[in-house]
Every structure is written in C-alpha cells, then in structure tokens.
Amino acid sequence: MLKKTLTIMLTISLICACTVPVLQVWAATSYVDTSEYTELDDLYKDYFRIGVAVQAIDHWNDPTAEIGNEAKEDLINRCFNSMTFGNELKPAYNFDSSSPTLFTVDPAAEELLEWAKAHDMPVRGHTLVWHSQVNPAIFAKDYKALVNGNKTTDWDAKLDEDCLVSRDELLGRLKTYIYGAIEYTYANGYGDVIYAWDVVNEATDEGSEGGLRNSYWKKIIGPEYLYYCFLYAREACVKYSRQYADMYGIDSADPDADYSPIMPELFYNDYNEWFSARSNTIVRFISEDRFNPGQSMVKSDVIAADGDGTILGDGLIDGIGMQGHLDSAQNIGEYTRALEKYDECIGNVHITELDVGINGSGEAAYYKQARFYYDFFSALMDEVDKGVGLNCVTFWGLTDDASWRRGANPLLFKGDLSAKSAFDALVMAGNRDDFGIETAGPGLSSADLYIDFEPVETSTGSNIVNLEQLGFTSRGTGHQSKLMLLTTENHTEGVGKGYALKVSRSEADATVKLDLSGFAGEIISGTLWIKTCDPKITVGLEGGGTPYAVCETESTGDWAEASFTVHIPDDWDASLYVETDGSADIYLDDISVDKLKADSDEAKNAIEPGTEPEPETDQAGNAGETDTAAGTDDSGQSQNLWGKIVNWLSDHGLWF
C-alpha cells in the first residue's frame, strides 16, 4: 500500500525556575493511501454538502492540524465540498483595537482562505459574534478590560463595572467589527469563497431571563443585540458586494445584476438545539420577538418593506445551524424532530459541528458508533426526501487524534487517515445499502467493577491506567469536558502518591460517563466518591431511553460518597453519568459496581427506569490537595501547551 510520509520536528521548551532545557523530538507520521476512498461529497450530492472543520498547522504549531499537511489536504479536497475554520475566523484572533475597522486578519485565517480559494472549496465563516473567544477589550473603555483594576484578556472574566462602555459605544464597535470582517473578505478576493456566516454563535440560555445567555453583549446592549448583529451583517454584505462586484465579474451598474454568487447566507448557530426548551427559545427570538416593530428601533434599506420587526420577518437571517456533538446513545428521533421544527420556521438548516463519540470501550464501542452514523445519515436523507431543507452537514474535524473531544474518538478517520467503520457506515447509508458491518461483542465484561485509578502493576513495572479502556468518556452535547488523571487529589487510602479522575469543564452540560453496557439486564449496586465545589451532585443512568437519576447528594466541597442500587434494562446500552448543578470541576475516585442476585434483599429496592431516587446527605472522606495544573478548553479546540505536547507524544509512542 502506498504511504505518504510527513516528517515533523516538534521543539518543546520546558521552563523551570533555574534552567530552560530544550527537548527536540523527531517523528515520522505515515499515512495510508486514501485515493480509493469513496468521495463523500459526490455520494451525498443529491442531499446536502459534506463539510469538515479544519485548522492550520501554523496557527498554534499543531502537527495534528489539517492545512499544511499534504496528505490531509488531499483527503479533504477529494471527499468534502465545504470547509469551516475551527478557530481562525473567531473574534479572539482577528479583533484589533488599533485598526480603524477593529479587524486585522489572523495570518492563519488568511492562509486557510487562500487554500480554500486555490482549491475551489466553499467556506462557512465561523463566527462573527460570540460570548466566548472574544477579546474583552471590545467591551471596555479605551479598550482596557479590567478585573479588580488589572488588565485582562480572559473572555470568561467578570469585568469591573466601571470599565464597561456605554450601550451606544458598544453598538458602534459591534457594527465596525462586523463591517470590517466582511469588507476584508470582499476586498481580498474571498467574496465568492465564503458562502455562509455563523453571525451569532451560542447566544441561547433557556434558563436565563428572556432565554438569552447573560453575556456582555446582552448586559450592555440588551437582548436586541441579536437583531443588530444580523442587521449589520446583512448591511455589510449588501454594501460590499456592490462595492467590489467588478472583482467578481458582476456589473454593478446593471440594475438587474445578480449578486447571489457573492452574497453569503446568514446563520444563527448553537448547541443542544434538539432539546425542546432550547429549540422553542431559538424559534421564538428569531421569528416571534419583535425587536424592531414598524422600524421604531432602527431603519435600514436592507430591512424588508413588509417586515414585522422580527429578525426573520425583516429578512435579516437565512438559516439555523445545528451543532451535533453526539454519542452513539443519542435519540435520533429527538434530533430530527428539532430539525423539522427549524425547517418549518426558516426552511434552511445546516448541521454545523457533527461528531459522534464512542459509548463504551473496545471494538463494541466502534461498532455502535458506526451503527449510529448509519442510522443518523439514513434518517437525515429521509428528512430531505420528505422536503426538509437540510443543505449541509459538517464534521467537526477530520481525524480522532486532532478532535476537540479527544478520547471520545468521534470522527471518521484515525490519525494515520485509515478509515474507521464509521466511514464505511456512511458509505453504506449514502448508497442506501443495508448496514453490513458485523456485530461486535460487548465492550466491558459484566464482572464486578472496581476502579481506583491507581497504576496497574505488571512484570515490567507500573502502567498508568487508560481511561478509554476503563470505559470513561466525556459527556455533553455542546461544550465538552476534559478528562485527566491527577496525583494532587486522592480518596484511595493506603497508597503513596494516589490518583483520581478530574473532569475539567466550563459548562454545566460538560460532564463524564462510565460505560456499563456489560451489565445490561442486571441489578447492580454501586458506590463512588465525588468531590466538587458545586452544591448538588446527581448520578444517573442513560443509554436506552430518557436519562434518569439514580442518586442525588449534597456537596460541601469535600469528598462525598454516592451510592445506588438500580436495575439496568435488557435493551439499554447503559452508561453511568455524574453531573452537578453548576460548572465546577468534578473529581472521581474509588468507583465500585457489583451485580446482585435478583432475590436478595438489596435487589428488591433497586431503582427502575423512570423513578426518582431518594436524596442522600451523608458525606465523608479525606480532603485532597488543590490541583493547579488543569488544562483549559475554549469550547472546541485549544488546550494548554503541555497537555497538547503530552497527548502528541503519547500518540507517537514517546510518552509513557
């Protein structure tokens, strides 16, 4: 088999108090020949575009990125017909307070745009306005964002009230940035490359007042900032498409000129959009909330003459982007019902960030993933056949090793570009063939389970436990948690250093789950020790129907014991999950699961699906040390440098 080789030099500077040693690692990554792979864009051409999210190696010197890697570029060019930049067009990397337009293109974004133009690859622009990955200077007087009087660039920071700008000033900056970003694309020859923009990303919070996230955009401007975002984007596209029309072979002097080839569609994009509470909220603020009735708030030539004051009715939005950070236990019917709801509202939907995490471990997990991809794409095609306006499906990444859901292995290709069974399943679905992948055995066995995260002793020494092999994966349908082993927190007694699992997260939706599929049909009792700063802890079961709690307990910030007895239905692909009522990090240790005899006294009290557990309040345990070396997540892509280095070394057999 023909193999392509990319040689990468990774230079790592490890800085300590007294020395600055430099470690140079040379590694050759061999890629399989992908030239015979079915071209997905052609396979699905009668249904929807097939897109992929990419990053440039030059953005963070990340060797797992796509653009700058010839083998990955070739695969993308042949199998996909839409591209999204994972980070490079986000405000954090393009906002420039010293620029008159507040926009200076990130060099990596320009590199990606040039690549897309050279390869005739349409681009979904992501994103113009977001509460995250935005320089907080845009909200501050003199562009100096302050926390307790100190300057910050942290987009999650709570800023000093007296440093915030006025509503009118922020509206002006919002307009200037959006206009600047869009003019850049037209003026530099990309007006026919970007065919869609995610104008606003992740603004919804159905639990907050009015259903909108309490971002600084909302705090300073008010909920109507959403209307202004789409208004300014539409105005900018109309203005600059006319101004630069001649560059694209369009005669701007012709009153009947067709500008559609250089008029990108404008989208609202969010996660968890298949949950009814959120989908109802999104439909409401797009098509029902009258921000500008009778043009009483703002007048513009781009507002529809017969508009009703809503974002949709005033002709300012073209589509809704549904993210899709799923796993193989996701309810497909729930997702397609939301898809139909958005189609009824606006008639144009893109699935913008699709990946499907494994649910379990071993070959069984990858079989279930492939089956889900097959069923999911079959369902999407059925929806299009029924007339639903689904026009693009974008995978959030190319290979598992570069996925932001590292460890969940949610994509179609392995790190060497070899196709997974998930890719084969996509081909079967696209051809309308029967699912033809052989059934794999169960993931974990149904033997009693005990996990203390301590190293496994072998004849050659101690091996650090593998979280994926144990059955742990990140849980969440939007922002994902990061799972890591720590030696600074521990509940297990009688060990030297001691290990625990840390679930690092920035959103309540991002949690952790443990595969229990091997216990299907069994009655089990379980105990786990949990530590978090959030006041309420819930342990639950999911994998075959509506997730349900099996244990609830209060937390004081110390180790708390959670215990449960539950009957797992025969047809459940079950996972145990842990969540809290906030977004603080979670620590887990000393997890035990035991099968019970059906006629035992304990088994008679087992929780059945759909019942509510009795809250627990008893707590005990030993305090661990505070971790200060946690990684971070930027809602999809970046991680701390050392974490990336260790992950890369592990993938290449250079870290033990």
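Since we're looking at a predicted model, the values are computed, not measured.

Rules used throughout
- Residues numbered from 1 in each chain as written.
- Predicted model: local features only at pLDDT ≥ 70, side-chain atom pairs only at ≥ 80, totals over all residues.
- Heavy atoms only, no water.
- Pairing = 2+ DSSP bridges.
- Helix = DSSP H or I, 4+ residues; strand = E, 2+ residues; numbered from the N terminus.
- Axes fitted to C-alpha atoms, helices over the stretch in contact; angles between N-to-C directions.
- Contact = heavy atoms within 4.5 Å.
- Salt bridge = Lys/Arg side-chain N within 4 Å of Asp/Glu carboxyl O.
- Buried < 20%, exposed > 50% of the residue type's maximum accessible area, 1.4 Å probe, protein only.
- Phe/Tyr/Trp six-rings, centres within 6.5 Å; stacked < 30°, edge-to-face > 60°.
- Parallel < 35°, antiparallel > 145°, perpendicular 65-115°, else oblique.
- Left-handed = near helix turned anticlockwise from the far one by under 90°.
- Nonpolar A, V, L, I, M, F, W, Y, C, P; charged D, E, K, R; others polar.

*Asks:* Describe the sheet that holds strand 12 (residues 390–395), with residues and values.
*Replies:* Judged by pairing direction, the barrel is parallel, and its eight strands sit side by side in the order 3-4-5-8-9-10-11-12 before closing back on the first. Pairs of neighbouring strands in the sheet enclose a mean axial angle of 30 degrees, with direction left out of account. Pairing of strand 5 (residues 123–130) with strand 8 (residues 194–201) involves six bridges; the strand directions are parallel. Its bridge partner being in strand 8, V123 is matched across the sheet by I194. Strands in contact with helix 9 (residues 332–346) are strand 10 (319–327), strand 11 (349–357) and strand 12; relative to strand 10, the strand with the most contacts, it is inclined by about 175 degrees.

*Asks:* Account for the pattern of salt bridges, naming residues and giving values.
*Replies:* With the rule as written, the count across this model stands at 28 salt bridges. For K386, the salt bridge identified is with E383, shortest N-O distance 3.1 Å. The exposure class of K386 is exposed, given its relative accessible area of 57%. Accessibility expressed as a relative area gives 5% for E383, which makes it buried. Here R432 and D385 are joined by a salt bridge, their closest N and O atoms 3.1 Å apart.

*Asks:* Pulling in residues and values, what's your account of the packing of aromatic side chains?
*Replies:* Applying the stated criterion across every chain, the model contains 32 aromatic pairs. Ring centres of Y374 and F435 lie 5.2 Å apart, and the angle between their planes is 55 degrees; on these two criteria the pair is classed as tilted. Here the residue Y374 occupies a position in helix 10 (residues 362–385), and F435 occupies one in the loop between helix 11 (421–430) and strand 13 (449–451), the gap between them amounting to 61 residues. We classify Y374 as buried; its relative accessible area is 11%. Three or more aromatic residues joined by ring pairs form one cluster here, namely Y44, Y47, F48, W274, F275, Y335, F372, Y373, F376, F377 and F395.

*Asks:* Which residues make up the environment of D74, and what values do they have?
*Replies:* Positionally, D74 belongs in helix 3 (residues 70–79). Taking the C-alpha atoms as reference, D74 lies 8.5 Å from T34; in sequence the two are 40 residues apart.

*Asks:* Go over the packing of helix 9 against helix 10, please, and point to the residues and values.
*Replies:* Relative to each other, helix 9 and helix 10 sit at 25 degrees, their axes nearing to 11 Å. Between helix 9 and helix 10, the angle is such that the two are roughly parallel. By crossing handedness, the relation of helix 9 to helix 10 is classed as right-handed. Residues I332, Y335, T336, L339 and E340 of helix 9 touch helix 10, and the partners they reach there are F372, D375, F376, A379, L380 and E383. Considering only residue class, the contact of helix 9 with helix 10 consists of seven nonpolar, one polar and three charged.

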